[in-house]
Amino acid sequence: MSLVVFVGRRLAAAAVLLVLLSAAIFAATAVLPGDAVSAVAGVDASEAQRAEVRAGLGLDRPAAERYADWAVRAVRGDLGHGFVGERPVTEVLATRLPNSLLLAGLTLAVTAPLAALLGLWTGLRGGGADRLVSTAAQILAAVPEFVTAALLVAVLAVWLEVLPRVCVIPLGGTPLDAPRALILPVLTLSTVGLAVATRLLRVSVADTAATPYCEAARLNGVRGVRLAVRHILPNAAGPAVQALTLTTGALVGSAVVVENVFDYPGIGRELQLAVAARDVPMVQGIATALVAVMLAVLLLGDLCARLLGAREEDGRWRRP
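### Notes on the overall build of the protein
In terms of regular secondary structure, the protein is built from 12 helices and two strands. Helices (α) and strands (β) of the protein occur, in sequence order from the N terminus, as α-α-α-α-α-α-α-α-α-α-α-α-β-β. Its C-alpha atoms give the protein principal-axis dimensions of about 85 × 55 × 30 Å. When burial is assessed residue by residue, the protein has 38% of its 320 residues classed as buried. For the protein, the share of sequence-separated contacts (at least 6 apart) that also reach a separation of at least 24 residues comes to 71%. Here the protein has roughly 16900 Å² of accessible surface; of this, 66% comes from carbon and sulfur atoms. Across the protein, the centroid of the 27 positively charged side chains sits 14 Å from that of the 24 negatively charged ones.

Right under this line is the structure:
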């Protein structure tokens, strides 16, 4: 299969999946208890006023009709306006999504090299060190993000008082204007991402090290760093990229929780506020945008993995 056909098929599959997931997101928001009428009209509004507001927001129409209208506008790049504040969804995405991408980028910059070193070390060494690191990674991966965040806040912000509890950004500034406020969110996400990535990379390295050509290299006297650089790393690169891609996917879900814990001005924080207000257009637009970002990351990971190595029919990687 040529690279063009491969990319074309992946793009077509991603487009279909995006449509299905956007419909699922809309259906999930439609069945949530309550609506945005109370937030717009106020809790003291009469039933006549609430009915008028509901009709003005279009909430009196069937859900399928509302989704069809939204989908047609979304294809043209119009994600609509939020019910609360009537802010354009695209404007919110343009303002908040870069902050979330900055947080994810800093997290990956910390996680990727550490996970690569730990995965390579444990995958090659085995024994007690491997069991210790693998057990620690499994425990950290099982701990909810908000628990990790709470522990870090308790130790670093409350007890030691070396870092701020929440992310306070100067008015009109960006998160880069308050670098100390980024440390706790990045540290929390890095803990979660490192645990996931280390386990995945360890398996990839161990499987590659057990292949016949690596055994043959050992019999020829190739060991240690030379074995890792010349034989293991090139052939584990493809699965490693996919492991980091899956880690990025895990970070997307974790970021929604972490941004709310630290009051970080990212897209996850906006999503939580929109859900609380039952702001359907805002929830729909933000959630669909996050799905699109995740699909783009997965596509990029598959493309890099294909360029780095070839996949056999049984799913195992062979030496290019």
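From this point, the discussion proceeds with the structure in view.
### A short note on empty space enclosed by the protein
By the definition in use, this model includes one cavity of 30 Å³ or more. In this structure, the largest cavity occupies an estimated 30 Å³ of space. Together, Pro164, Arg165, Val166, Cys167, Arg180, Ala181, Leu184, Pro185 and Phe262 line the largest cavity. Partitioning the lining of the largest cavity into residue classes produces seven nonpolar, no polar and two charged.

### Focus: the pattern of salt bridges
This model, assessed by the stated rule, comprises seven salt bridges. The residue Glu65 makes a salt bridge to Arg61 at a minimum N-O spacing of 3.3 Å. Given the relative accessible area of 37%, Glu65 is considered partly exposed. Among the ionic pairs, Glu215 bridges to Arg218, the shortest N-O distance being 3.3 Å.

### Digging into the packing of helix α9 (residues 212-219) against helix α10 (residues 224-261)
Direction vectors running N to C along α9 and α10 enclose 175°, while the axes themselves pass 11 Å from each other. Overall, the two elements α9 and α10 adopt an arrangement that is roughly antiparallel. Here Tyr213, Cys214, Ala217 and Arg218 of α9 come into contact with α10, specifically with Leu227, His231, Ile232 and Asn235.

### With respect to the nonpolar core
Membership of the largest hydrophobic core comes to 21 residues, with the highest contact counts inside it found for Leu93, Ile267, Met282 and Ile286. At the level of elements, α4 (63-75), α5 (89-125), α11 (267-276) and α12 (280-308) are the ones that each hand at least two residues to this core. The dominant element in this core, judged by the number of residues it contributes, is α12, at six residues. Other than its neighbours up to four places away in sequence, Ile267 contacts Val92, Leu93, Arg96, Leu97, Ser100, Glu259, Ile286 and Leu290. Of all hydrophobic cores here, the second largest spans 19 residues; its members include Val153, Ala157, Val186 and Leu189.

### Some thoughts on the packing of aromatic side chains
Under the defined criterion, the tally for this structure stands at two aromatic pairs. Seen in terms of ring centroids, Tyr67 and Trp70 are 6.0 Å apart; in terms of plane orientation they differ by 25°. Their pairing is stacked. With a gap of three residues between them, Tyr67 and Trp70 both fall in helix α4, about one helical turn apart. Exposure remark for Tyr67: the relative accessible area of 18% places this residue in the buried category. Of the residues examined, Trp70 reaches a relative accessible area of 6% and is grouped as buried. Taken together through their ring pairs, the aromatic side chains of Phe26, Tyr67 and Trp70 make up a single cluster.

The rules behind each value
- Residues numbered from 1 in each chain as written.
- Predicted model: local features only at pLDDT ≥ 70, side-chain atom pairs only at ≥ 80, totals over all residues.
- Heavy atoms only, no water.
- Helix = DSSP H or I, 4+ residues; strand = E, 2+ residues; numbered from the N terminus.
- Buried < 20%, exposed > 50% of the residue type's maximum accessible area, 1.4 Å probe, protein only.
- Contact = heavy atoms within 4.5 Å.
- Areas by Shrake-Rupley, 256 points an atom, 1.4 Å probe, with all protein chains shown as cover.
- Lys, Arg positive; Asp, Glu negative; His and termini not counted.
- Charge placed at Lys NZ, Arg CZ, Asp CG, Glu CD.
- 1 Å grid on protein atoms, 1.4 Å probe; cavity = no way out; pocket = protein on both sides within 12 Å on 5 of 7 lines; lining within 4 Å.
- Points joined across faces, edges and corners; volume = space filled by probe spheres on them.
- Nonpolar A, V, L, I, M, F, W, Y, C, P; charged D, E, K, R; others polar.
- Salt bridge = Lys/Arg side-chain N within 4 Å of Asp/Glu carboxyl O.
- Axes fitted to C-alpha atoms, helices over the stretch in contact; angles between N-to-C directions.
- Parallel < 35°, antiparallel > 145°, perpendicular 65-115°, else oblique.
- Core = buried A, V, L, I, M, F, W, Y, C linked by side-chain atoms within 4.5 Å.
- Phe/Tyr/Trp six-rings, centres within 6.5 Å; stacked < 30°, edge-to-face > 60°.

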